[in-house]
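Summary of the model geometry
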Amino acid sequence: MTGNSKAKGRTSDRPSLTIFLAAPRGFCAGVDRAIQIVELALAKYGAPVYVRHEIVHNRYVVESLKAKGAIFVEELDEIPDTGAPIVFSAHGVPKAVPAAARTRKLFGLDATCPLVSKVHVEAESQFREGREILLIGHAGHPEVVGTTGQLPEGAVTLIETVGDALAFVPRDPDRLAVITQTTLSVDDTKEILNALKARFPRLVMPPKDDICYATTNRQEAVKRIAPACERMIVVGSPNSSNSLRLVEVAERAGCPSAVLIQRAAEIDWDLFQGISRLGVTAGASAPEVLVDEIIDAFKARFEVTVESVTTAEESIAFKLPRELREMPAR
């Protein structure tokens, strides 16, 4: 038996590798909804369907939708006068964007994640109450741009670090409210919030944590497996905030080295020489097919045992826009 297995591919010579597969991982309800909106718009209205900004931060997803007839643009002025649908990405957009679309009589479909929309509503509500708004997030991220753009210029102050929280000078320390980007590190955000609350006891917090359930669940799953892993792979794109946070969380939780990888072709095999325990997870905008692709790449070089480690069950789903609800969901 041993001789035959060696003759058929020297399987017995491959090093053993246990892959701890984090769950939950990959697509969240907001990402799944956004992709469905583009696919169903293509099915109902035909190509092209225009999408402002990447619908979600994943190159594989974007290229797949392009192949079906989606055209991605950064700004509305790249779109001709057309009756074709214009989809606004899952990250949300400033109020000025749909307003400009209406002025041009463009047909907009809003794919903003409902949990991001919830933050928008919080920001507007607190602003109407006369409070100065603090937004914990990363400068330049589309979600931060979209949230800031719900209010007049200067109404929102971005807080990126504890240092920012300590240096901030309010107009009125008793009239402050804080909101957060939905894809942040839970631990980092808690540290910043604690610094703000210590300085401003009357700071108004969101009624429910702004960091979304999917971000929280994926970080908790990584924390569970990281101490047992010699390496961790996070499947995701370099412009995906929640994926980058998973890399940071893995290393803080005890994994010696975590790397962000988009596709199996990017694997630097030198990083995985001599290991026997690997963790694998995926950011909220990474499809499961890419996780499978990476595991298959390891199976070609190692004798792999996959152990799924589940820390939460997810059953959340969000409604589609009214215009697409009569379409059969995939």
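Everything numeric here is computed off the predicted structure, so don't read it as measured data.

**Description of the overall build of the protein chain**
- For the protein chain, the count of helices and strands is 11 helices and 12 strands.
- Principal-axis analysis of the C-alpha atoms gives the protein chain an extent of 75 × 55 × 30 Å.
- Out of the 330 residues belonging to the protein chain, those deemed buried represent 51%.
- For the protein chain, long-range pairs separated by at least 24 residues make up 78% of all intrachain contacts whose partners lie at least 6 apart in sequence.
- Total accessible area on the protein chain is roughly 15200 Å²; 51% of this is exposed by carbon and sulfur atoms.
- Taking the average place of the 39 positive charges on the side chains of the protein chain and the average place of its 43 negative ones, the gap between the two points comes to 4 Å.

**Some words on the nonpolar core**
- Counting 32 residues, the largest nonpolar core has Val-38, Ile-55, Val-56, Leu-65 and Val-87 as the members making the most contacts within it.
- With 9 residues, helix H2 (residues 29–45) is the single largest residue contributor to this core.
- If sequence neighbours within four positions are ignored, Leu-65 has contacts with Ile-35, Val-38, Glu-39, Leu-42, Ile-55, Ala-70 and Phe-72.
- If you look at the next biggest cluster of nonpolar residues, it comprises 23 residues, including Leu-17, Leu-21, Ile-267 and Phe-272.

**Re the sheet that holds strand E1 (residues 16–23)**
- Strand order in the open sheet formed by 5 strands is E10-E9-E11-E1-E12, and the pairing between neighbours is parallel. Of all strands in the sheet, those with a lone pairing partner are strand E10 (258–261) and strand E12 (303–310), marking the two edges. Neighbour-to-neighbour, the strand axes of the sheet open up by a mean angle of 25°, direction not taken into account.
- Relative to strand E11 (residues 277–282), strand E9 (residues 231–235) is paired through 5 bridges, and the arrangement is parallel. By the bridge assignment for E11, Val-234 is matched with Thr-281.

**Here's the deal with the pattern of salt bridges**
- Taken as a whole and judged by the stated rule, the model has 17 salt bridges.
- Glu-75 is the partner of Arg-52 in a salt bridge, and the nearest nitrogen-oxygen pair spans 3.2 Å. Of this pair, Arg-52 sits in strand E2 (residues 49–52) while Glu-75 sits in the loop between strand E3 (70–73) and strand E4 (85–88); the two residues are 23 residues apart in sequence, bridging distant segments of the chain.
- The partner of Glu-220 in a salt bridge is Lys-223, with the nearest N and O atoms 3.4 Å apart. Residue Glu-220 and its partner Lys-223 are located together in helix H9 (residues 213–225), separated by 3 residues, close to a single helical turn.

**Some details on the confidence of the model for the protein chain**
- When pLDDT is averaged along the protein chain, the result is 94; 95% of the residues meet or exceed 70.
- Low pLDDT (under 50) marks residues 1–11, which in the prediction has 7 contacts with non-local residues, meaning those over four places away or in another chain.

**Overview of the sheet that holds E4**
- The strand order E3-E2-E4-E5 describes an open sheet built from 4 strands, whose pairing is parallel. Edge strands, defined here as strands with exactly one partner in the open sheet, are E3 and strand E5 (107–110). Here the average twist between neighbouring strands, direction ignored, is 30°.
- Inspection of the sheet shows E2 paired to E4 by 3 bridges, in the parallel sense. When the sheet's bridge partners are listed, Val-51 is paired in E4 with Val-87.
- Lying on the sheet, H2 is in contact with E2, E3, E4 and E5; it crosses E5 at an angle near 145°.

Calculation notes
Residues numbered from 1 in each chain as written. Predicted model: local features only at pLDDT ≥ 70, side-chain atom pairs only at ≥ 80, totals over all residues. Heavy atoms only, no water. Helix = DSSP H or I, 4+ residues; strand = E, 2+ residues; numbered from the N terminus. Buried < 20%, exposed > 50% of the residue type's maximum accessible area, 1.4 Å probe, protein only. Contact = heavy atoms within 4.5 Å. Areas by Shrake-Rupley, 256 points an atom, 1.4 Å probe, with all protein chains shown as cover. Lys, Arg positive; Asp, Glu negative; His and termini not counted. Charge placed at Lys NZ, Arg CZ, Asp CG, Glu CD. Core = buried A, V, L, I, M, F, W, Y, C linked by side-chain atoms within 4.5 Å. Pairing = 2+ DSSP bridges. Axes fitted to C-alpha atoms, helices over the stretch in contact; angles between N-to-C directions. Salt bridge = Lys/Arg side-chain N within 4 Å of Asp/Glu carboxyl O. pLDDT = per-residue confidence, 0-100.

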